[in-house]
Amino acid sequence: MSNEAESRVWTLAQRPTGTPSTECFDLETRDIPTPNPGEALVRARYLSVDPYMRGRMRAGESYAEPWDVGAPLRGGVVGEVVDPNGTGFETGDLVVGNLAWADYATAPAHELTRVAVGDVPASTALGVLGMPGRTAYFGTRAVAEPQPGDTMVVSAAAGAVGSVVGQLAKMAGARVVGTAGSERKVEWLHELGFDAAINYRDVDDYGDALADVAPDGVDVYFDNVGGPLTDAVFDHLATDARVAVCGQIALYNAEERPVGPRKLGKLIETRARVEGFLVSDFSARFETATADLRRWVQAGDLQYRETVTDGLERAPEAFLGLFEGENIGKQVVKV
Ligand code: NAP
Ligand code: FER
């Protein structure tokens with residue numbers, strides 16, 4: 001930063017049509033904000049870019065409230081309290097909250113959570129110990145519920161959510177198959193203990209590839225992706241299969257909802273159940289989830305990776321990379 005009294009802040013320049021580009025984002029320089037009573041001032045260290053933010057770029061109702069054109073972009077940020085402003089935080093406390101994509105931002109103290117300083121890097125509060133980790137935790141244990149002996153498929157398996165889902169499903173005794181978009185990701189999935197991994201970009205036919213690794217069908221499908229990959233998994237659902245719909249990133253940039261042929265007929269034949277969920281549905285149990293995830297990470301039972309993009313100025317690039325599969329594990333931006 002050139003001037004200590006100023007703060008760079010990313011705003012939404014325009015709403016995208018289809019796949020967003022860097023033109024949709026503006027980096028402005030503003031004065032460092034002054035916290036109102038009840039608010040603390042935080043200097044950002046890491047910010048999170050997440051697929052759901054594509055929903056926030058679009059006007060209209062969704063679970064993700066739209067960002068306003070011209071207004072700062074917001075999301076998960078880990079930072080350091082620089083002005084507690086009487087809120088009870090100490091200067092230097094590490095906190096996580098939903099803050100502007102900026103060098104400095106204010107937030108109501110009750111929306112900030114202390115990040116434990118210890119043997120796990122603070123950035124994990126945005127990944128394995130943050131929203132994506134909790135999504136994996138509840139999506140696996142409360143929605144998908146893999147059982148010993150089940151064959152479970154996880155899409156976007158080398159991502160922030162998927163990599164944790166696969167490991168939790170292994171802990172539950174399932175046979176786990178991951179799909180991901182590169183050889184490097186497939187190798188990592190093997191290191192994580194996945195029983196099989198498919199590079200979906202490198203197969204002629206998704207269905208044939210699934211039939212090879214799940215000859216008796218798919219008992220549980222954890223869907224992060226949607227689209228043609230999901231159609232192929234539906235073709236291979238086993239009797240009484242369960243599908244947890246977590247995300248549909250393959251469709252987030254589509255201007256129109258795709259219409260058929262989808263594979264719902266398969267649900268009749270298999271009596272499968274499909275259930276969507278939002279991580280926020282489980283907010284009453286977040287503390288338990290985070291404590292379990294932290295314990296497993298500390299014990300070495302749960303591995304994670306982060307793709308760190310350096311510099312606040314590269315935040316849009318890091319965000320857009322999610323849609324190209326450029327991240328392995330959780331994508332964060334180091335401010
Ligand atoms: P992530 O998996 O770390 O990153 C996104 C990944 O999606 C990319 O790395 C890419 O990996 C894959 N991808 C992108 N475009 C694709 C396409 N067209 N077809 C197939 N794969 C594609 O992201 P995340 O934060 O863990 O989120 C994963 C999913 O969970 C997203 O759909 C997200 O919206 C959802 N989610 C849901 C909740 C909830 O509460 N329901 C909460 C958090 C996240 P490849 O190299 O494998 O293509
Ligand atoms: C939340 C619920 C859902 C949230 C994020 C999501 C940041 C993500 C959903 C998705 O990626 O589809 O409360 O908080």
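Quantities reported herein were computed from a predicted structural model and do not represent experimental measurements.

Rules used in this analysis
- Residues numbered from 1 in each chain as written.
- Chains lettered and ligands numbered in written order.
- Predicted model: local features only at pLDDT ≥ 70, side-chain atom pairs only at ≥ 80, totals over all residues.
- Heavy atoms only, no water.
- Helix = DSSP H or I, 4+ residues; strand = E, 2+ residues; numbered from the N terminus.
- Buried < 20%, exposed > 50% of the residue type's maximum accessible area, 1.4 Å probe, protein only.
- Contact = heavy atoms within 4.5 Å.
- Near = heavy atom within 4 Å.
- Polar contact = N/O pair within 3.5 Å; in protein donor to acceptor, adjacent residues only side chain to side chain.
- Areas by Shrake-Rupley, 256 points an atom, 1.4 Å probe, with all protein chains shown as cover.
- Core = buried A, V, L, I, M, F, W, Y, C linked by side-chain atoms within 4.5 Å.
- Domains from an automatic or database assignment.
- Salt bridge = Lys/Arg side-chain N within 4 Å of Asp/Glu carboxyl O.
- 1 Å grid on protein atoms, 1.4 Å probe; cavity = no way out; pocket = protein on both sides within 12 Å on 5 of 7 lines; lining within 4 Å.
- Points joined across faces, edges and corners; volume = space filled by probe spheres on them.
- Nonpolar A, V, L, I, M, F, W, Y, C, P; charged D, E, K, R; others polar.
- Pairing = 2+ DSSP bridges.
- Buried area = accessible area lost by both parts, 1.4 Å probe.
- Right-handed = clockwise from strand over helix to strand, strands pointing away.

Residue placement: Glu 90 occurs in the loop between strand S4 (74-83) and strand S5 (94-100). You can call Glu 90 exposed: its relative accessible area is 52%. Each C-alpha atom, one on Glu 90 and one on Ile 32, is 19 Å from the other, the two residues being 58 residues apart in sequence. Apart from the residues lying within four places of it in its own chain, the contact partners of Glu 90 are Val 81, Pro 84 and Arg 114.

What follows is about the site of ligand 1. With respect to spatial proximity, 28 residues lie near ligand 1, and among them Lys 185, Tyr 200, Tyr 252, Val 279 and Asn 327 are the closest. A distance of 2.6 Å separates an oxygen atom of ligand 1 from a polar side-chain atom of Asn 327. Across the complex, the protein chains shield 91% of the 910 Å² of accessible surface that ligand 1 would expose by itself. Of all the secondary structure elements, the ones that give two or more residues to the shell around ligand 1 are helix H2 (131-144) and helix H3 (160-171).

A few words on the nonpolar core. Phe 25, Leu 47, Val 49, Trp 101, Leu 112 and Phe 319 are the most contacted members of the largest nonpolar core, which totals 38 residues. Of all the elements in the fold, those that place two or more residues in this core are strand S1 (6-12), strand S3 (39-48), S4, S5, strand S6 (104-108) and helix H9 (315-321). When residues of this core are assigned to domains, at least three fall in each of domain 1 (6-127 + 305-334) and domain 2 (131-280). When sequence neighbours within four positions are dropped, the list of residues in contact with Phe 319 reads Phe 25, Val 49, Asp 50, Met 53, Arg 54, Met 57 and Trp 101. With 37 residues, the next largest nonpolar core counts Phe 138, Val 154, Leu 168 and Leu 189 among its residues.

A few words on the pattern of salt bridges. Following the criterion strictly, the structure yields 13 salt bridges and no others. The shortest N-O distance in the salt bridge between Lys 170 and Asp 195 comes to 2.7 Å. Here the residue Lys 170 occupies a position in helix H3, and Asp 195 occupies one in the loop between helix H4 (183-191) and strand S10 (196-199), the gap between them amounting to 25 residues. Glu 191 is the salt-bridge partner of Arg 305, the closest N and O atoms lying 4.0 Å from each other.

Moving on, we get to empty space enclosed by the protein. Across all of its chains, the model carries two cavities of 30 Å³ or more by this definition. Within this model, the largest cavity holds a volume of roughly 60 Å³. Along its surface, the largest cavity is lined by Gly 127, Val 128, Gly 159, Ala 160, Ser 163, Val 164, Tyr 304, Arg 305, Glu 306, Gly 329 and Lys 330. It is H3 that contributes the most residues to the lining of the largest cavity, three residues altogether. Across the lining of the largest cavity, the residue classes tally to four nonpolar, four polar and three charged. Both domains that meet at the lining of the largest cavity, namely domain 1 (6-127 + 305-334) and domain 2 (131-280), each give it at least three residues.

With that settled, consider the pairing of strand S15 (residues 330-334). When you tally the buried positions in S15, you get four out of five residues, the bulk of the element. One ladder, built from three bridges, connects S3 with S15; its direction is antiparallel. Paired with Leu 47 across the bridge in S15 is Val 333. As defined by bridge partners, strand S14 (residues 306-310) adjoins S15 across five bridges and the pair is classed as parallel. Across the sheet, Thr 307 pairs through a bridge with Gln 331, a residue of S15.

This part covers the domain arrangement of the protein. Each domain of the protein was delimited in the assignment, giving domain 1 (6-127 + 305-334) and domain 2 (131-280). Across the contact, 23 residues belong to domain 1 and 17 residues belong to domain 2. Between domain 1 and domain 2, roughly 1,600 Å² of surface is buried when both sides are summed, and carbon and sulfur atoms account for 54% of that area. Area buried by domain 1 at its contact with domain 2 is led by Tyr 63, Arg 305 and Ile 328, which between them contribute 31% of it. Our count for the contact surface shared by domain 1 and domain 2 stands at one salt bridge.

Before going further, it helps to examine the pairing of S14. Residues in a regular strand point their side chains to alternate faces of the sheet. Taking every second residue as pointing to the same face, the buried face of S14 carries Thr 307 and Thr 309, while none of Glu 306, Val 308 and Asp 310 on the other face is buried. You can see the chain leave S14, run along H9 and come back into S15, and the turn it takes is right-handed.

Residues in close proximity to ligand 2 include Tyr 52, Tyr 63, Met 131, Cys 246, Tyr 252, Leu 278, Val 279 and Ser 280, which together make up its full environment. Residue Ser 280 places a side-chain N or O atom 3.4 Å away from an oxygen atom belonging to ligand 2. If ligand 2 stood free it would expose 360 Å²; the protein chains cover 71% of that surface. Counted by class, the shell around ligand 2 contains seven nonpolar, one polar and no charged residues.

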